[in-house]
Amino acid sequence: SFLPLSHSYEHTAGQFLPITIGAEIYYAEGVDQLQKNLAEARPTIMTAVPRLYETMHLRITRRVDKEGGLSARLFYKAVELGKKRYHDPQSLTFWERLQDLVLERLVRSKVRKRFGGRIKAIVSGGAALNYDIGLFFTALGLPILQGYGQTETAPVVSVNPPWRVKLETVGPPFDGVEVKIATDGEILVRGELVMTGYWNDEEATYAAVQEGWLHTGDIGELDEDGYLKITDRKKDIIVFSGGDNVSPARVEGFLTLQREIVQAMVYGDKRPHLVALLVPDEEFTDNWCRAQEKTNDLTQLRDDPAFRAALSAVVDRVNANLSSLEKVRRFALLSEGFTVDNGMLTPTMKIRRHKIREAYGEVINGLY
C-alpha cells in the first residue's frame, strides 16, 4: 500500500478489499524506501498511480544504461521481444522464442526479483497510464492492469482482467455496472456504485447525476469487446481560437516520457497554438551542469541560452511525433516542481491545471 488512505482509490482497493479477502497489507515507508520495502514484503499485488510507474521506468532504464555492455543489450532485447509477444505471440520466430525463453531467466526474473519476486499484477489507477509505460512493464513480465473510476463511483468502474489485458483501455465495466457514451463523448455510469449525492449540495448533485446516470466529465469510447477507453477530461480539452480541439494529457504524456523532463503542463485554450511549462529532470540538469561547468541553479538556468537549447532539442524530438495541432511552439522552464504541498498536484499525482494557471499566468501569457 503506497497511496494516502484518505484517497478513495487506496481506501477501497488498498485497504478494505485486502481485509475482506484476508490478505496482509504492507504500508510503504515512502517513495525513497519503496525498493527496500518491496524486497521485504515480497507482495503479490500492488496498487499505485501512473506517476509511480513512470518513476520506476526511468530508474530502471537509467540503471541499465549506466551498466551498459552486454547486460544492457540483453535487457533491451527482452523488452523488444516482450513487446512483440504482447502485440502478436505468433509473430515470434523459432529463434526469437528460444531467445525469449533464455531472457526470461537472465533478465525478466531479475527484474521481478526487484519487485519481491512474487508479483502477480501491478494495478494502475487514479490517472491515465501512458501506453508505452504499460507496454514496458508487460514486456518485462510484470502484468500491469489499468483501471478506471471516481470517488463518486465507490471508486472503481472498470479494470483490465489479468487473463485478457488491453493496455490502451481501462478494461470492461464490472458486473452490475452500466456504462454508455453520451452524444458528446462523455462517459455515463449507472449502478449501485454511483453516489446518492454530494453532501448538502443539491445543485451539484443534480448536475452530476441525472436519471441515475453519473456524468463523469471524462470523454471516452467502448471498443468492440466492451472495453472502455478514456480519451480525455471533458473540461481539460483545449479549444483553440480557430475552433480545433487538442488533448493536453496526450501531449504532456509524450513530454514527460523524455528523461530530461520530469513534469509538464501544456496550455492553449482560446489561443492559436500550444505552449508548455516544463520542469527539468534533476539528474539530467545535474549532469548537464557538470559537463558545462555551471552552477545547478534552476532560477538562473531557466534563462540560460545553452540550457534552453538542450531542452528545446527535447521538445523538437517530441514534436516530430505529434500532429501540427499538438506541437508545442514555445515553452518556459520552471525552477520549482508541481507538488502536493504547493497545491499543484493531487494526492494521486495529477496536475491541478487551475492552480498552475493561477501561479504562472503571467509566464503563460508571456509565451504568446
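Scroll up for the structure.
Residues numbered from 1 in each chain as written. Predicted model: local features only at pLDDT ≥ 70, side-chain atom pairs only at ≥ 80, totals over all residues. Heavy atoms only, no water.

### Section: the overall build of the chain
Line of reasoning, step 1. The helix and strand inventory of the chain stands at twelve helices and 14 strands.
Line of reasoning, step 2. Computed over C-alpha atoms, the radius of gyration of the chain comes to 22 Å, within 12% of the 21 Å expected from 2.2 N^0.38 for 368 residues, which places it in the range of a compact globule.
Line of reasoning, step 3. When its C-alpha atoms are laid out on the principal axes, the chain stretches across 65 × 55 × 40 Å.
Line of reasoning, step 4. Counting every position in the chain, which comprises 368 residues, the buried fraction comes to 44%.
Line of reasoning, step 5. Residue pairs at least 24 apart in sequence account for 55% of intrachain contacts in the chain once pairs closer than 6 positions are excluded.
Line of reasoning, step 6. Of the accessible surface of the chain, which amounts to about 19700 Å², a share of 53% is contributed by carbon and sulfur atoms. (Helix = DSSP H or I, 4+ residues; strand = E, 2+ residues; numbered from the N terminus. Rg over C-alpha atoms; globule rule 2.2 N^0.38 Å. Buried < 20%, exposed > 50% of the residue type's maximum accessible area, 1.4 Å probe, protein only. Contact = heavy atoms within 4.5 Å. Areas by Shrake-Rupley, 256 points an atom, 1.4 Å probe, with all protein chains shown as cover.)

### Quick notes on the pattern of salt bridges
Line of reasoning, step 1. With the rule as written, the count across this model stands at 25 salt bridges.
Line of reasoning, step 2. Residue Lys 84 pairs with Glu 96 through a salt bridge whose shortest N-O separation is 2.8 Å. Highlighted residues: Lys 84 in helix H4 (residues 69-87) and Glu 96 in helix H5 (residues 94-114), separated in sequence by twelve residues.
Line of reasoning, step 3. Of the charged contacts in the structure, one is a salt bridge between Asp 225 and Arg 164, with a shortest N-O distance of 3.0 Å. With a gap of 61 residues between them, Asp 225 in the loop between strand S8 (213-222) and strand S9 (228-233) and Arg 164 in the loop between strand S4 (158-159) and strand S5 (178-181) connect regions that are remote in the sequence. (Salt bridge = Lys/Arg side-chain N within 4 Å of Asp/Glu carboxyl O.)

### Observations regarding the nonpolar core
Line of reasoning, step 1. The biggest cluster of nonpolar side chains holds 30 residues, and the ones touching the most others in it are Met 46, Tyr 53, Met 56, Phe 75, Phe 115, Ile 122 and Phe 137.
Line of reasoning, step 2. Breaking this core down by element, the ones donating at least two residues are helix H2 (34-41), strand S1 (45-48), helix H3 (50-67), H4, H5 and helix H6 (131-139).
Line of reasoning, step 3. Setting aside residues up to four positions removed in sequence, Phe 115 forms contacts with Leu 38, Pro 43, Met 56, Ile 60, Phe 137 and Leu 142.
Line of reasoning, step 4. Core analysis: the next-biggest nonpolar cluster, separate from the first, contains 25 residues, Val 251, Leu 255, Cys 289 and Val 314 among them. (Core = buried A, V, L, I, M, F, W, Y, C linked by side-chain atoms within 4.5 Å.)

### Considerations on the sheet that holds strand S13 (residues 274-280)
The strands making up a sheet associate through hydrogen bonds between their backbones, and the pairing can be parallel or antiparallel.
Line of reasoning, step 1. If you walk across this open sheet you meet the three strands as S12-S13-S14, and the pairing is mixed. Here the strands that pair on one side only, and so sit at the sheet edges, are strand S12 (261-267) and strand S14 (328-333). Going from strand to strand, the sheet's axes swing by 30 degrees on average, the running direction of each strand aside. (Pairing = 2+ DSSP bridges. Axes fitted to C-alpha atoms, helices over the stretch in contact; angles between N-to-C directions.)

### A word on unusual backbone geometry
Line of reasoning, step 1. The omega torsion of the bond from Ala 154 to Pro 155 falls at -20 degrees, within 30 degrees of zero and hence cis.
Line of reasoning, step 2. Topologically, Pro 155 is positioned in the loop between strand S3 (144-148) and S4.
Line of reasoning, step 3. If you check the backbone angles, Asn 200 has positive phi at about 55 degrees while not being a glycine.
Line of reasoning, step 4. Phi is positive for Glu 293, close to 55 degrees, though the residue is something other than glycine.
Line of reasoning, step 5. By relative accessible area, Glu 293 is classed as exposed at 74%.

### Details of H4
An α-helix turns once every 3.6 residues. As a result, residues three or four positions apart point the same way.
Line of reasoning, step 1. Taking 1.5 Å per residue, 19 residues should reach 27 Å; H4 reaches 28 Å between its end C-alpha atoms and fits that length.
Line of reasoning, step 2. Three or more residues of H4 are buried, namely Ala 72, Phe 75, Ala 78, Val 79, Leu 81 and Gly 82.
Line of reasoning, step 3. Looking at the buried side of H4, the elements it contacts are H3, H5 and H6. (Expected span 1.5 Å × (residues − 1).)

### Notes on the pairing of S3
Line of reasoning, step 1. Along S3, five of the five residues are buried, which leaves the element largely enclosed by surrounding structure.
Line of reasoning, step 2. Burial along S3 is two-sided: Ile 144, Gln 146 and Tyr 148 facing one way and Leu 145 and Gly 147 facing the other are all buried.
Line of reasoning, step 3. Here strand S2 (residues 121-124) runs beside S3; their pairing, made up of three bridges, is parallel. Note that in S3 the partner of Val 123 across the bridge is Leu 145.
Line of reasoning, step 4. Where the polypeptide runs from S2 across H6 and back to S3, its parallel neighbour, the crossover connection is right-handed.
Line of reasoning, step 5. Of the strand pairs in this sheet, S3 and S4 are connected by two bridges, and their pairing is antiparallel. The residue of S4 that forms the bridge with Gly 147 is Val 159. (Right-handed = clockwise from strand over helix to strand, strands pointing away.)

### Observations concerning the packing of aromatic side chains
Line of reasoning, step 1. Within this structure, the stated rule accounts for seven aromatic pairs.
Line of reasoning, step 2. Their ring planes at 70 degrees and their centres at 6.1 Å tell us that Tyr 53 and Phe 137 sit as a pair that is edge-to-face. Of this pair, Tyr 53 sits in helix H3 while Phe 137 sits in helix H6, and the two are 84 residues apart along the sequence. Taken individually, Tyr 53 and Phe 137 each receive the classification buried, so the pair is uniform in this respect.
Line of reasoning, step 3. Ring centres of Phe 75 and Tyr 76 lie 5.2 Å apart, and the angle between their planes is 85 degrees; on these two criteria the pair is classed as edge-to-face.
Line of reasoning, step 4. Accessibility expressed as a relative area gives 32% for Tyr 76, which makes it partly exposed.
Line of reasoning, step 5. Positioned over the ring face of Tyr 227 is Lys 166, at 5.0 Å from the centre of the ring.
Line of reasoning, step 6. Over the face of the ring belonging to Tyr 368 we find Arg 271, whose NZ or CZ atom lies 4.3 Å from the ring centre. (Phe/Tyr/Trp six-rings, centres within 6.5 Å; stacked < 30°, edge-to-face > 60°. Lys NZ or Arg CZ within 6 Å of the ring centre and 35° of its normal.)

### Quick notes on the sheet that holds S4
Line of reasoning, step 1. Across the sheet, four strands lie side by side as S1-S2-S3-S4; this open sheet has mixed pairing. Each edge of the open sheet carries a strand with a single partner, namely S1 and S4.

### As for the side chain of Gln 263
Line of reasoning, step 1. Structurally, the position occupied by Gln 263 is in strand S12.
Line of reasoning, step 2. Polar side-chain contacts of Gln 263 include one of 2.7 Å to the backbone nitrogen of Phe 338.
Line of reasoning, step 3. Once you skip the residues sitting within four places of it in the chain, Gln 263 turns out to touch Thr 256, Leu 277, Leu 278, Val 279, Gly 337, Phe 338 and Leu 345. (Polar contact = N/O pair within 3.5 Å; in protein donor to acceptor, adjacent residues only side chain to side chain.)

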